[in-house]
Amino acid sequence: MKELVEVIASALVDKPEEVVVVETEDENGIVLSLKVAPEDMGKVIGKQGRIAKAIRTVVRAAGSKGDKKIMVDIQ
């Protein structure tokens, strides 16, 4: 899942070298923390959060085979 988020975010931003995804696991499931350059934050979130919502939907669908819940946190 980490690689999927990296590929999607890198395609959206102007500075793909600053895209960092950190995967952590807790009792609730897997949390993917996405960090991008401050000037690229708007491109990852989108108008009214549409792109962020789409990224979360794709990741959730890709991880639906597993037992754990997958969440994407954009920082």
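Conventions used here
Residues numbered from 1 in each chain as written. Predicted model: local features only at pLDDT ≥ 70, side-chain atom pairs only at ≥ 80, totals over all residues. Heavy atoms only, no water. Axes fitted to C-alpha atoms, helices over the stretch in contact; angles between N-to-C directions. Helix = DSSP H or I, 4+ residues; strand = E, 2+ residues; numbered from the N terminus. Parallel < 35°, antiparallel > 145°, perpendicular 65-115°, else oblique. Left-handed = near helix turned anticlockwise from the far one by under 90°. Contact = heavy atoms within 4.5 Å. Nonpolar A, V, L, I, M, F, W, Y, C, P; charged D, E, K, R; others polar. Salt bridge = Lys/Arg side-chain N within 4 Å of Asp/Glu carboxyl O. Buried < 20%, exposed > 50% of the residue type's maximum accessible area, 1.4 Å probe, protein only.

Points about the packing of helix α1 (residues 2-12) against helix α3 (residues 50-62)
Thought 1: Running from N to C, α1 and α3 point in directions that differ by 155 degrees, and their axes come no closer than 10 Å. The orientation of α1 relative to α3 falls into the category roughly antiparallel. As α1 packs across α3, the resulting crossing turns out to be right-handed. Side by side, α1 and α3 meet where Leu-4, Val-5, Ile-8 and Leu-12 of the first sit next to Ile-51, Ile-55, Val-58, Val-59 and Ala-62 of the second.
Thought 2: Split by residue class, the contact of α1 with α3 holds nine nonpolar, no polar and no charged.

Quick notes on the pattern of salt bridges
Thought 1: One pass over the structure, following the stated rule, counts four salt bridges.
Thought 2: Linking Glu-39 and Lys-15 is a salt bridge whose minimum nitrogen-to-oxygen distance equals 2.6 Å. Of this pair, Glu-39 sits in the loop between β2 (29-35) and α2 (41-45) while Lys-15 sits in the loop between α1 and β1 (20-26); the two residues are 24 residues apart in sequence, bridging distant segments of the chain.
Thought 3: Note that Glu-25 and Lys-68 form a salt bridge whose closest N and O atoms lie 1.9 Å from each other. Pair noted here: Glu-25 is in strand β1 and Lys-68 is in the loop between α3 and β3 (69-74), with a separation of 43 residues, a long-range link.
Thought 4: Taking the relative accessible area as the measure of exposure, Glu-25 reaches 53% and is therefore exposed.
Thought 5: Overall, the relative accessible area of 42% leaves Lys-68 in the partly exposed class.
Thought 6: It is possible to trace a salt-bridge network through shared partners that takes in Asp-14, Asp-40 and Lys-43.

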